[in-house]
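For reference, the chains in residue letters:
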Amino acid sequence: MNRPLVIGNWKMNLDYVEAVHLIQQIGVIVRNRPLEHVDLVVAPPFVDIRSVTSVVESERIALEVGAQHASVHDAGAHTGEVSVPMLQRLNVKWILVGHSERRAHYAMTDEVVAQTLRTVTRQGVHAVLCVGEELAVRNDEGHLDFVSAQLHAALEGLDEKSRPLVSVAYEPVWAIGTGLTASTEQVRDMTEHIRTVLASLSLEATRVLYGGSVNAENAASLMSEGRVDGFLVGGASLKAESFLAIGQAADDCYAGKR
Ligand code: PEP
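Residues numbered from 1 in each chain as written. Predicted model: local features only at pLDDT ≥ 70, side-chain atom pairs only at ≥ 80, totals over all residues. Heavy atoms only, no water.

Quick word on the overall build of the protein chain
Within the protein chain one finds ten helices and eight strands. For the protein chain, the residues scored as buried account for 53% of the 258 residues in total. Across the protein chain, contacts joining residues at least 24 apart in sequence account for 74% of those joining residues at least 6 apart. The protein chain carries 22 positive and 32 negative side-chain charges, and their two centres are separated by 7 Å. (Helix = DSSP H or I, 4+ residues; strand = E, 2+ residues; numbered from the N terminus. Buried < 20%, exposed > 50% of the residue type's maximum accessible area, 1.4 Å probe, protein only. Contact = heavy atoms within 4.5 Å. Lys, Arg positive; Asp, Glu negative; His and termini not counted. Charge placed at Lys NZ, Arg CZ, Asp CG, Glu CD.)

Here's the deal with the sheet that holds strand E2 (residues 39-43)
Spatial strand order, E1-E2-E3-E4-E5-E6-E7-E8: eight strands in a closed barrel with parallel pairing. Mean inter-strand twist for the sheet, computed between neighbouring axes without regard to direction, equals 25°. The pairing of strand E6 (residues 166-170) with strand E7 (residues 207-211) spans four bridges and is parallel. In the sheet register, Tyr170 faces E7, and the bridge partner there is Tyr210. (Pairing = 2+ DSSP bridges. Axes fitted to C-alpha atoms, helices over the stretch in contact; angles between N-to-C directions.)

Thoughts on the packing of helix H5 (residues 110-122) against helix H7 (residues 143-155)
Taken N-terminus to C-terminus, the directions of H5 and H7 make an angle of 45°; their axes are 8 Å apart at the nearest point. Put simply, H5 runs oblique to H7. Crossing hand, H5 versus H7: right-handed. From H5, Asp110, Val113, Ala114, Leu117 and Arg118 reach across to H7, where they touch Gln150, Ala153, Ala154 and Leu155. Class assignment of the residues belonging to the contact of H5 with H7 gives a composition of six nonpolar, one polar and two charged. (Parallel < 35°, antiparallel > 145°, perpendicular 65-115°, else oblique. Left-handed = near helix turned anticlockwise from the far one by under 90°. Nonpolar A, V, L, I, M, F, W, Y, C, P; charged D, E, K, R; others polar.)

Thoughts on helix H10 (residues 240-254)
With 15 residues, H10 extends 21 Å from end C-alpha to end C-alpha; this agrees with the ideal 21 Å at 1.5 Å per step. Buried residues dominate H10, accounting for eleven of its 15 residues. All of the buried residues along H10 are Ala240, Phe243, Leu244, Ile246, Gly247, Gln248, Ala249, Ala250, Asp251, Asp252 and Cys253. Lining the buried residues of H10 we find strand E1 (5-9), helix H1 (16-32), E2, helix H9 (219-224) and strand E8 (230-233). Positive phi shows up at Gly256, right after H10, with a value of about 80°. (Expected span 1.5 Å × (residues − 1).)

A word on the site of the ligand
Near the ligand you find 14 residues, and of these Lys11, Glu171, Gly177, Ser213 and Gly234 are the closest. Between an oxygen atom of the ligand and a side-chain N or O atom of His99, the distance comes to 2.9 Å. For the ligand, an oxygen atom lies 2.9 Å from a polar atom in the backbone of Gly235. Protein coverage of the free-state accessible area of the ligand, which is 290 Å², stands at 95%. Taken together, the residues that form the shell around the ligand break down as four nonpolar, eight polar and two charged. (Near = heavy atom within 4 Å. Polar contact = N/O pair within 3.5 Å; in protein donor to acceptor, adjacent residues only side chain to side chain. Areas by Shrake-Rupley, 256 points an atom, 1.4 Å probe, with all protein chains shown as cover.)

Thoughts on the pattern of salt bridges
The full count for this structure, using the stated rule, is nine salt bridges. Residue Arg138 is joined to Glu133 by a salt bridge in which the shortest nitrogen-to-oxygen separation is 2.8 Å. Two residues, Asp229 and Arg195, come together in a salt bridge whose shortest N-O distance is 3.0 Å. Of this pair, Asp229 sits in the loop between H9 and E8 while Arg195 sits in helix H8 (residues 184-200); the two residues are 34 residues apart in sequence, bridging distant segments of the chain. A relative accessible area of 29% places Arg195 in the partly exposed class. In the salt-bridge network here, residues are joined through shared partners; they are Arg3, Asp39 and Arg207. (Salt bridge = Lys/Arg side-chain N within 4 Å of Asp/Glu carboxyl O.)

Observations concerning the packing of H7 against H8
One way to put it is that H7 packs onto H8 with a least axis distance of 10 Å and a crossing angle of 35°. Considering only the axes of H7 and H8, their crossing is right-handed. Side by side, H7 and H8 meet where His143, Leu144, Val147, Ser148, Leu151, His152 and Leu155 of the first sit next to Met190, His193, Ile194, Val197, Leu198 and Ser200 of the second. Here the contact of H7 with H8 is composed, by residue class, of eight nonpolar, five polar and no charged.

By themselves these figures say nothing about function.
Here it is in structure tokens:
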């Protein structure tokens with residue numbers, strides 16, 4: 001089992017004042033109950049990153065800051081976009097690549113996902129590649145092939161230096177923000193499949209996370225029975241207690257307490 005990674009995706013929630021409030025609450029809990037075995041990351045909206053990073057650094061909170069997206073380009077005439085070098089200057093260490101909401105609503109094709117992943121890892125930043133099928137694909141039993149195709153499109157031919165910087169988050173689109181969690185069997189079958197595909201791409205050490213309505217109640221069983229290396233958490237990451245309860249479940253599983 002890899003050391004767990006738990007990432008909070010705040011999506012387009014919380015202005016910078018609210019974001020500072022949340023990170024301070026997270027800091028208090030983490031100080032009282034440190035997570036010894038978990039890499040913890042929060043991914044706030046772009047405009048909150050500087051404020052959140054300042055609090056993390058000044059209060060020495062044991063987590064790293066991520067971003068939810070980055071431009072495929074490093075600089076230039078790309079109105080509204082934010083580049084990887086800009087995020088690096090803000091001490092961003094992790095970037096989500098190809099979240100299903102970016103793919104579905106902002107025309108992020110497999111090709112752009114692959115290029116963005118390379119833009120991120122070329123700069124030495126960790127990329128969290130998001131993959132996952134729509135409900136119709138699963139109902140037609142096409143989910144394994146669909147996810148294989150996404151993995152191949154994004155990761156084939158990735159250079160050796162970039163490989164340790166990649167994690168994969170399996171996020172079935174039908175489970176994101178819906179309260180419908182994939183069953184532990186569905187998660188286990190898919191994570192096993194993803195690990196086989198990753199091994200064929202010389203990425204056997206890659207962490208495989210699950211995302212989709214993870215909460216404090218289901219995290220432990222998803223971790224132990226679903227055999228994931230951590231979580232990408234949306235809604236439940238907006239409250240310090242529920243986010244850190246998920247982190248604690250991952251910590252306990254890794255330490256063999258569950
Ligand atoms: C997500 O958007 O990455 C996600 C997993 O959201 P939620 O936990 O709210 O389903």
